[in-house]
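What follows is each chain in one-letter form.
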Amino acid sequence: MSKSEDLTPAQRVILQRIGTKLKELREQQGRSIESVAAEAGIAVELLCAIEAGREEVVWESLAWISALYGTSQDDVPGR
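Being a predicted model, the structure only gives us computed values, none of them experimental.

### Re the overall build of the protein chain
Next up, step 1: Tallying secondary structure elements over the protein chain gives four helices and zero strands in all.
Next up, step 2: Its helices and strands taken in sequence order, the protein chain reads α-α-α-α from the N to the C terminus.
Next up, step 3: In the protein chain, the share of contacts with a sequence separation of at least 24, taken over all contacts with a separation of at least 6, comes to 61%.

Okay, here's the thing in structure tokens:
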């Protein structure tokens, strides 16, 4: 994964929107970040970074994470 320092301003905005949407979906479902990270098989720190827009999310991962929330990756901004 690329660090956000390597991204263009437009890419940073997209990552921020994606992270915000994923966090909103998690919170709407009343799920903890720990439970989602465990179900996804990733570190809590990585999910925190994704939600904060600090890590690049590859579209394949976005599809899988979106499915955890019962939504489509097409519903996530920036796609």
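Moving on, there is more to tell.
### Overview of the confidence of the model for the protein chain
Detailed conclusions should not be drawn from predicted coordinates in areas where pLDDT is low.
Next up, step 1: For the protein chain, per-residue confidence averages 81 on the pLDDT scale, and residues scoring 70 or more make up 80% of the total.
Next up, step 2: Averaged pLDDT values over the elements of the protein chain bottom out at 73 in helix H4 (residues 59–68) and peak at 92 in helix H2 (residues 33–40).

### Quick word on helix H3 (residues 44–51)
Next up, step 1: All of the buried residues along H3 are Leu47, Ala49, Ile50 and Glu51.
Next up, step 2: Positive phi appears at Gly53, one or two residues downstream of H3, with a value of about 75 degrees.

### Observations regarding the packing of H2 against H3
Next up, step 1: Contact pair H2 / H3: the axes reach a minimum separation of 9 Å and the direction vectors enclose 110 degrees. Taken together, the axes of H2 and H3 are roughly perpendicular relative to one another. Two secondary-structure elements touch here, H2 through Ile33, Glu34, Val36 and Ala37 and H3 through Val44, Leu47, Cys48 and Glu51.

### Observations regarding the side chain of Arg26
Next up, step 1: Along the chain, Arg26 falls in helix H1 (residues 9–28).
Next up, step 2: According to the relative accessible area criterion, Arg26 is buried, its value standing at 8%.
Next up, step 3: Residues in contact with Arg26, not counting those within four places in the same chain, are Arg31, Ser32, Ile33, Val36, Glu51 and Tyr69.

Conventions used here
- Residues numbered from 1 in each chain as written.
- Predicted model: local features only at pLDDT ≥ 70, side-chain atom pairs only at ≥ 80, totals over all residues.
- Heavy atoms only, no water.
- Helix = DSSP H or I, 4+ residues; strand = E, 2+ residues; numbered from the N terminus.
- Contact = heavy atoms within 4.5 Å.
- pLDDT = per-residue confidence, 0-100.
- Buried < 20%, exposed > 50% of the residue type's maximum accessible area, 1.4 Å probe, protein only.
- Axes fitted to C-alpha atoms, helices over the stretch in contact; angles between N-to-C directions.
- Parallel < 35°, antiparallel > 145°, perpendicular 65-115°, else oblique.

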